[in-house]
Amino acid sequence: MNRAIITGQRLAAVFLLGCVLFNYPLIALFNKPGELFDIPLLYLYLFVVWAILIGLMALAIERRRD
């Protein structure tokens, strides 16, 4: 399979994962009063998930041939 096609499929999978992680059921789980390291749980969840998605996109794009 062509390398560009595989990269595109991986990026599409990361996009779909982001859609799931930033939608209602999971967001509602973290929309509670409370803090961790003086950061509200919802904000902590959003920024951690955002960083993970950026890392996954970088991994999908920069991955070398095996």
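Please refer to the structure placed before this passage.
Residues numbered from 1 in each chain as written. Predicted model: local features only at pLDDT ≥ 70, side-chain atom pairs only at ≥ 80, totals over all residues. Heavy atoms only, no water.

What to know about a nonpolar patch on the surface
Residues Phe-22, Leu-36, Phe-37, Ile-39, Tyr-43, Phe-47, Trp-50, Ile-54, Met-57 and Ile-61 make up a contiguous nonpolar surface patch of roughly 1000 Å² in combined accessible area. For the nonpolar patch, the element with the highest residue contribution is helix α3 (residues 41–62), accounting for six residues. Within the secondary structure layout, Met-57 lies in helix α3. (Patch = residues over 30% accessible without salt bridge, like charges linked within 9 Å, V, L, I, M, F, W, Y side chains within 5 Å. Areas by Shrake-Rupley, 256 points an atom, 1.4 Å probe, with all protein chains shown as cover. Salt bridge = Lys/Arg side-chain N within 4 Å of Asp/Glu carboxyl O. Helix = DSSP H or I, 4+ residues; strand = E, 2+ residues; numbered from the N terminus.)

With respect to helix α1 (residues 3–21)
With 19 residues, α1 ought to run about 27 Å at 1.5 Å a step, and its terminal C-alpha atoms sit 27 Å apart, in line with that. Of the residues making up α1, those classed as buried are Thr-7, Val-14, Gly-18 and Leu-21. The arc that holds every buried residue of α1, seen down its axis, measures 70°, which confines them to one face. Opposite the buried face of α1, by more than 90 degrees, sit the exposed residues Phe-15, Leu-16 and Val-20. (Expected span 1.5 Å × (residues − 1). Buried < 20%, exposed > 50% of the residue type's maximum accessible area, 1.4 Å probe, protein only. Arc of directions from axis to C-beta.)

Observations concerning α3
When the terminal C-alpha atoms of α3 are compared, their 31 Å separation across 22 residues agrees well with the 32 Å that a helix rising 1.5 Å per residue should span. Listed as buried for α3 are Tyr-45, Val-49, Leu-53 and Ala-60. Buried residues of α3, seen end-on, are gathered within an arc of 60° and therefore sit on one face of the element. Residues of α3 that are exposed and point more than 90 degrees away from the buried face comprise Phe-47, Leu-59 and Glu-62. Where α3 is buried, its residues touch α1 and α2 (24–30). (Contact = heavy atoms within 4.5 Å.)

Read these as spatial facts, not as claims about activity.
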